[in-house]
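Structure assessment
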Amino acid sequence: MHAYQEPIDQVRSGMKVVDSDGKELGTVEFVKLGDPQAATTEGQESGPRPGVVPILADVFTDPEPDLPPALAARLVRTGFVKVDAKGWFSRDLYVTPDQVARVEGNVVHLSADRGALAMVS
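Residues numbered from 1 in each chain as written. Predicted model: local features only at pLDDT ≥ 70, side-chain atom pairs only at ≥ 80, totals over all residues. Heavy atoms only, no water.

1. Comments concerning the confidence of the model for the chain
Looking at the chain, pLDDT values average 82 and 73% of them are 70 or higher. Confidence drops under pLDDT 50 across residues 46-61; counting only partners more than four residues distant or on other chains, this segment forms 5 contacts. (pLDDT = per-residue confidence, 0-100. Contact = heavy atoms within 4.5 Å.)

Structure follows, in structure tokens:
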């Protein structure tokens, strides 16, 4: 017997992302699974980065998700998919777990259009 998986559990970096109309939005940059039953985001934030110079990594790397604090806290708790949007001047997008309708092959199908997704601030 297999345990039920949410569609977000099947999402991987590099997958193509299409909106509810089938329009390609970009590719998955990364996935952060959350803990929706958590009361706070404590312990879910990104930790120190490993490496020779972790301080420099922190200086030159933006925290994720790059959104207003209240929305960022909610996404850290529930999880999200960051989409590297197509186009030179397109802002990256954040997809919530409930916006992932299904995953077929190497394509993530969303239940929402681009306008309903959070964008990098």
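That was the structure; now back to the text.
2. Some details on the packing of aromatic side chains
Considering all chains together, one arrives at 2 aromatic pairs under this definition. On the basis of an interplanar angle of 70 degrees and a centroid distance of 5.7 Å, the ring pair of F30 and F80 is categorised as edge-to-face. Residue F30 is located in strand β2 (residues 24-33), and its partner F80 is located in strand β3 (residues 79-85); the two are separated by 50 residues in the primary sequence. With a relative accessible area of 1%, F80 lands in the buried category. Members of the aromatic cluster, connected to one another through ring pairs, are F30, F80 and Y94. (Phe/Tyr/Trp six-rings, centres within 6.5 Å; stacked < 30°, edge-to-face > 60°. Helix = DSSP H or I, 4+ residues; strand = E, 2+ residues; numbered from the N terminus. Buried < 20%, exposed > 50% of the residue type's maximum accessible area, 1.4 Å probe, protein only.)

3. Structural notes on the sheet that holds β2
Sheet strands associate in pairs through backbone hydrogen bonding, adopting either a parallel or an antiparallel arrangement. As summarised here, the arrangement of the 7 strands in space is β5-β6-β1-β2-β3-β4-β7, forming an open sheet in which the pairing is mixed. The open sheet has two edge strands, β5 (100-104) and β7 (118-119), and neither has a second partner. Where strand β1 (residues 16-18) lies against β2, 3 bridges are found, and the strand directions are antiparallel. Residue pairing in the sheet places V17 in a bridge with G26 of β2. (Pairing = 2+ DSSP bridges.)

4. Focus: the nonpolar core
Counting residues in hydrophobic clusters, the biggest one holds 17 residues, and the most contacted among them are V11, V108 and L110. Listing elements by their share of this core, those giving two or more residues are β2, β3, β4 (93-95), β5 and β6 (107-110). At 3 residues, β3 tops the list of elements feeding residues into this core. Beyond its immediate stretch of four places on either side in the chain, V11 contacts V28, V31, V81, V100, V103 and V108. Core analysis: the second largest hydrophobic core is formed by 7 residues, A72, L75, A118 and V120 among them. (Core = buried A, V, L, I, M, F, W, Y, C linked by side-chain atoms within 4.5 Å.)

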